[in-house]
Each structure stands twice: as C-alpha cells, then as structure tokens.
Amino acid sequence: MAALSSPLRVCRGILKELRAIQGPSYKQSLAYSYVMDQFRKNKVTGERYCRAQQEAHHDAHTYLCLLASTRNHLVLHNLYHGKGERSPEEVAGLVGLRLPTQPGGKGWEK
C-alpha cells in the first residue's frame, strides 16, 4: 500500500472540497464540525502510537478521494452530458478534430 500523506494535508484537502461544494458558509455546516471533531479526537501525540489513529487517517484519505472524485465526475457530467442532438461539426470539435471541407466549385456547399 502506498504511504499516506500527512493528516494535516488530508484535513486541508477535505475542507477544500467542502468549501467547493458548499461555498463560503462551509464552516457552519455539520460536515465541517464533524470532520474537525474527528481530526482533533484522533490527533497523535508523542507518547502514543495508535492503530486506531492510522485507521482514522486512512478513512479520512479515502473520504478525500471520494469528495475529489465526485466533484470531478460532476464537472465531466455537466460538460459531456446530452444537450440534445449535436451537429457533426460540434461533435468533431469535442474530440479535437475538424471536418474536411469540400473542394470549391460544386455550387451546393456554403
């Protein structure tokens, strides 16, 4: 298993995701108070090495991954979700292509 980042970095990441979801009033939410309470409760001191603290850190890291992945999913969903029928030019532009143009002189192209 890969090494986890520091608990402070995970806590800041979770708070960043909460701020992105709930806006500037995220500090009044129940999620904010719960996250801060859990991080304060599982804080490590120099005298102890606690397995429960490591499990809490892993759970927090997993929760951060869930929040970030959910936010990214919503961004992609809003970007690519069906907006009705799209023209071939627009579809080609989505994937970074251009449709070929007909050579001039036919009289029927625009």
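Residues numbered from 1 in each chain as written. Predicted model: local features only at pLDDT ≥ 70, side-chain atom pairs only at ≥ 80, totals over all residues. Heavy atoms only, no water.

## With respect to the overall build of the protein chain
So, step 1. For the protein chain, the count of helices and strands is 4 helices and 0 strands.
So, step 2. Helices (α) and strands (β) of the protein chain occur, in sequence order from the N terminus, as α-α-α-α.
So, step 3. In the protein chain, which comprises 110 residues, the share counted as buried stands at 18%.
So, step 4. Sequence-distant contacts, at least 24 apart, represent 51% of the contacts inside the protein chain between residues at least 6 apart.
So, step 5. Within the structure as shown, the protein chain displays about 9,000 Å² of accessible surface, and the carbon and sulfur contribution to it stands at 58%. (Helix = DSSP H or I, 4+ residues; strand = E, 2+ residues; numbered from the N terminus. Buried < 20%, exposed > 50% of the residue type's maximum accessible area, 1.4 Å probe, protein only. Contact = heavy atoms within 4.5 Å. Areas by Shrake-Rupley, 256 points an atom, 1.4 Å probe, with all protein chains shown as cover.)

## Things to note about the packing of aromatic side chains
So, step 1. On inspection of all chains with the given rule, the structure shows 1 aromatic pair.
So, step 2. Look at tyrosine 26 and tyrosine 32: their rings are 5.6 Å apart centre to centre, the planes differ by 85 degrees, and that puts the pair in the edge-to-face class. In terms of burial, tyrosine 26 and tyrosine 32 fall into one category: buried. (Phe/Tyr/Trp six-rings, centres within 6.5 Å; stacked < 30°, edge-to-face > 60°.)

## A closer look at the side chain of arginine 86
So, step 1. Looking at the secondary structure, you find arginine 86 in the loop between α3 (51-80) and α4 (88-94).
So, step 2. It is glutamate 90 that comes nearest to the buried, bridge-free arginine 86 among opposite-charge side chains, at 4.3 Å.
So, step 3. Sequence-distant contacts of arginine 86, that is, excluding residues within four places in its chain, are made with Leu79, Tyr80, His81, Val91 and Leu94. (Lys, Arg positive; Asp, Glu negative; His and termini not counted. Salt bridge = Lys/Arg side-chain N within 4 Å of Asp/Glu carboxyl O.)

## Considering helix α2 (residues 30-41)
So, step 1. Between its terminal C-alpha atoms α2 stretches 16 Å, which fits the 16 Å expected from 12 residues at 1.5 Å a residue.
So, step 2. Taken residue by residue, α2 has Tyr32, Val35 and Met36 as its buried positions. Viewed along the axis of α2, the buried residues span an arc of 95 degrees, placing them on a single side of the element. In α2, the exposed positions that point more than 90 degrees away from the buried face belong to Leu30, Tyr34 and Lys41. (Expected span 1.5 Å × (residues − 1). Arc of directions from axis to C-beta.)

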